[in-house]
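Examining the three-dimensional arrangement
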Amino acid sequence: MKAGIASIRKELAGIFSKEEIESLIFLIFERLKGYSRTEFLLAKEVKISDEELSEIKKITSRLKKHEPIQYILGETEFYGLSFFSIPGVLIPRPETEELVQWIIQENQLMAPGILDVGTGTGCIAVSLRKNIQNATVLACDISPVCIETARRNAELNRTEVSVLNYDILNNIPEVDFPELDIIVSNPPYVRETEKKRMDKNVLDFEPGLALFVSDETPLLFYERIADFALIHLRKGGCLYFEINEAFGPECSVLMRQKGFGEVTLKKDINGKDRMIRCKLL
Ligand code: GLN
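What this report covers is the structure whose coordinates are included nearby.

**Regarding the pairing of strand β10 (residues 260–267)**
- Summarising the sheet, β10 and strand β11 (residues 273–280) pair through six bridges and their orientation is antiparallel. Across the sheet, the residue bridging to K266 is M275, located in β11.
- Two successive antiparallel strands, β10 and β11, enclose a turn made up of five residues, where G271 displays a positive phi of approximately 75°.

So, in structure tokens, the structure goes:
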């Protein structure tokens, strides 16, 4: 393995930080050899084959072009679970784990009906279904590749999530939704003008459809999902969103205007307004 590790370090030096390179090395060997962290640490003397070395070279050359490791390996981790991660589907983010954690903490005592709007990989829907006993979980997306990936991820995690094709902005096709206890969404919320401060790996490789909104209507998805929730949530049901850190107060005002109560903003681990929860009174 030493030769492989040395080659990765050499190829990626200057492009990624030292810490990033070390974590990429582990991810690569986890994939190639199926090692856990401990196995990896104990296996440094193990010899690798020529095929493995050439696989490593292929991976590093893609990393050098800033392609996300999650797409290269085809899989990633979210909330302790594995998810297929393929181009066209937004890579699950750690902030979103905090949103999932919040929902799990607050909703253990019932058997809720949950809908995840714009599910992408299905990471929110699947991790909620896994961690809230007796939950019934639906998920929807507009993108065929997301619908397929979310279905595969539910299967990968041996859990039941119904994934529907649904365009939340236009309400098509017409779908008969059951009465819901929780609606959750991590919709597109990055403004076009914010592109300039985003990394190449996101801009060049991740789906814009899942990320961007126009500068004129930054809260478009929040508005539409709130309107949808007014119809489909039962009284006392909750709406949970991941939000753009720049719009915490605006999102709160919007939810109150729409008639929701108990509006609560929550910061992420970096102290940024990142989540909001409100209730249909
Ligand atoms: N947090 C993500 C990012 O900045 C954005 C996710 C989203 O638009 N829903 O890359």
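**Structural notes on unusual backbone geometry**
- Residues I172 and P173 are joined by a peptide bond in cis, for which omega reads -10°.
- Locating P173 in the fold gives a position in the loop between β5 (162–165) and β6 (180–185).
- The phi angle at N134 is positive, at roughly 65°, despite the residue not being glycine.
- Mapped onto the elements, N134 comes out in the loop between α7 (123–131) and β4 (136–141).
- Within the chain, R158 stands out as a residue other than glycine whose phi angle is a positive 45°.
- Position of R158 relative to the elements: it lies in the loop between α8 (144–156) and β5.

**Structural notes on the sheet that holds β5**
- Read across the sheet, seven strands follow the order β5-β4-β3-β6-β9-β11-β10 without closing on themselves; strand pairing throughout is mixed. Of all the strands in the sheet, just β5 and β10 have a single pairing partner and so form its edges. Taking each pair of neighbouring strands and ignoring which way they run, the sheet shows an average axis angle of 20°.
- Where strand β3 (residues 113–117) lies against β4, five bridges are found, and the strand directions are parallel. Following the sheet pairing, L115 is matched in β4 by L138.
- Running over the sheet, helix α11 (residues 220–232) touches β3, β6, β9 (233–242), β10 and β11 and is turned about 160° from β9.

Criteria and cut-off values
Residues numbered from 1 in each chain as written. Predicted model: local features only at pLDDT ≥ 70, side-chain atom pairs only at ≥ 80, totals over all residues. Heavy atoms only, no water. Pairing = 2+ DSSP bridges. Helix = DSSP H or I, 4+ residues; strand = E, 2+ residues; numbered from the N terminus. Axes fitted to C-alpha atoms, helices over the stretch in contact; angles between N-to-C directions. Contact = heavy atoms within 4.5 Å.

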